[in-house]
Amino acid sequence: MNPEQIKKDWNSRGYYSFGIFKDYPGQVWADFVHETDELVVLAEGEIEIEIEGKSQVPPIGKEVFIPAKARYTVRNVGKKNNAWYYGYKKEYIKL
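Quick notes on the rules
Sequence positions are assigned chain by chain, starting from 1 and proceeding in written order. With the structure being a predicted model, the display of local features is reserved for residues of pLDDT at least 70 and the display and counting of side-chain atom pairs for 80 or more, all residues being used for whole-chain, interface and lining totals. Just so you know, side-chain values use all the structure's heavy atoms and leave hydrogens and water out. Residue types Ala, Val, Leu, Ile, Met, Phe, Trp, Tyr and Cys, when buried and joined through side-chain atoms within 4.5 Å, form a set referred to as a nonpolar core. Under the scheme applied here, a residue whose accessible area is under 20% of the maximum for its type counts as buried, over 50% as exposed, and between as partly exposed, the area being computed with a 1.4 Å probe on protein chains only. Only DSSP runs of H or I reaching four residues or more are called helices, and only runs of E reaching two or more are called strands; each is numbered from the N terminus. Here, two residues are considered to be in contact whenever any of their heavy atoms come within 4.5 Å of each other. His is not counted, nor are the chain ends, whereas Lys and Arg count as positive and Asp and Glu as negative. By salt bridge we mean one thing: a side-chain nitrogen of Lys or Arg within 4 Å of a carboxyl oxygen of Asp or Glu. In protein, a polar contact requires one atom able to donate a hydrogen and another able to accept it; more generally it is a pair of N or O atoms within 3.5 Å, and residues adjacent in sequence count only if both atoms are side-chain atoms. Should DSSP find at least two bridges between two strands, the strands are taken to pair. Helix axes use the C-alpha atoms of the stretch in contact, all axes being lines fitted to C-alpha atoms, and the angles between their N-to-C directions lie in the range 0 to 180 degrees.

J.: Would you mind going over the nonpolar core with me for this structure?
T.: A general trend in soluble globular proteins is that nonpolar side chains are found buried together. Membership of the largest hydrophobic core comes to 13 residues, with the highest contact counts inside it found for V40, I47, I49, I51, I66, V74 and W84. If you list the elements that add at least two residues to this core, you get β3 (38-44), β4 (48-51), β6 (63-66), β7 (72-75) and β8 (82-88). Considering every element that reaches this core, the biggest residue donor is β8, with 3 residues. When sequence neighbours within four positions are dropped, the list of residues in contact with I47 reads L42, Q56, V57, P58, V74, R75, V77, N82 and W84. In terms of nonpolar packing, the next biggest core, distinct from the first, is built from 8 residues, I6, L39, V41 and Y85 among them.

This is how it looks when you write it as structure tokens:
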């Protein structure tokens, strides 16, 4: 999985931010809500993403769309550290 390729693809679709989180086993980012759409892709390890009460455990490389104003939680459900990419739609970025 090439992060530069993902970033380029997201930019072409209007997602102008790109970042990475690296979480330890058991890390939980609970009850987030953003004013813009977000994309997430797991790069290594395991992750559970709950969006508006519906959970999914995407495989490495599968893009997950989190719509604007949706309440979501991200959990490292694996036994080792994970890494995942995220990007926000252009409207969210303060230029």
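What follows continues from the structure just given.
J.: In this structure, what is going on with the side chain of D23? I would like to understand it.
T.: Locating D23 in the fold gives a position in strand β1 (residues 19-23). Buried charge D23 goes without a salt bridge, the closest partner of opposite sign being K22 at 11 Å. A polar side-chain atom of D23 sits 2.8 Å from a polar atom in the side chain of W84. Beyond its immediate sequence surroundings of up to four residues, D23 is in contact with W29, N76, N81, N82 and W84.

J.: Sorry, what's going on with the sheet that holds β8 here?
T.: Each strand in a sheet pairs with its neighbour through backbone hydrogen bonds, running either in the same direction (parallel) or in the opposite one (antiparallel). Strand order across the open sheet formed by 4 strands is β1-β8-β3-β6, with antiparallel pairing between neighbours. The outermost strands of the open sheet, each flanked by one partner alone, are β1 and β6. Between one strand axis and the next, the sheet turns by 25° as a mean value, whatever way the strands run. Of the strand pairs in this sheet, β3 and β6 are connected by 4 bridges, and their pairing is antiparallel. Its bridge partner being in β6, V41 is matched across the sheet by E63.

J.: What should I look at first to understand the environment of Y24 in this one?
T.: Along the chain, Y24 turns up in the loop between β1 and β2 (28-32). Along the backbone, Y24 and S55 are 31 residues apart, and their C-alpha atoms lie at a distance of 20 Å. Contacts of Y24, omitting those with residues within four sequence positions, involve N76 and N81.

J.: I'm lost on the side chain of Q27 in this one. Help?
T.: By secondary structure assignment, the location of Q27 is in the loop between β1 and β2. Exposure remark for Q27: the relative accessible area of 12% places this residue in the buried category. A distance of 2.9 Å separates the side chain of Q27 from the side chain of Y24, its partner in a polar contact. If near-sequence neighbours (up to four positions away) are discounted, Q27 is found in contact with V74, R75 and N76.

J.: Where do I start with the pattern of salt bridges in this structure?
T.: Two side chains bearing opposite charge may form a pair once their charged atoms approach each other closely. In total, this model carries 5 salt bridges according to the counting rule given. The salt bridge partner of K69 is E35, with a shortest N-O separation of 3.8 Å. In this pair, K69 is assigned in the loop between β6 and β7 and E35 in the loop between β2 and β3, connecting sequence segments 34 residues apart. In this pair, the class of K69 matches that of E35, namely exposed. Notably, a salt bridge pairs E50 with R75, separated by 3.0 Å at the nearest N-O pair. Here E50, found in strand β4, pairs with R75, found in strand β7; they are 25 residues apart in sequence, far enough to count as distant. One connected set of salt bridges, linked through shared partners, spans D9, R13 and E63.

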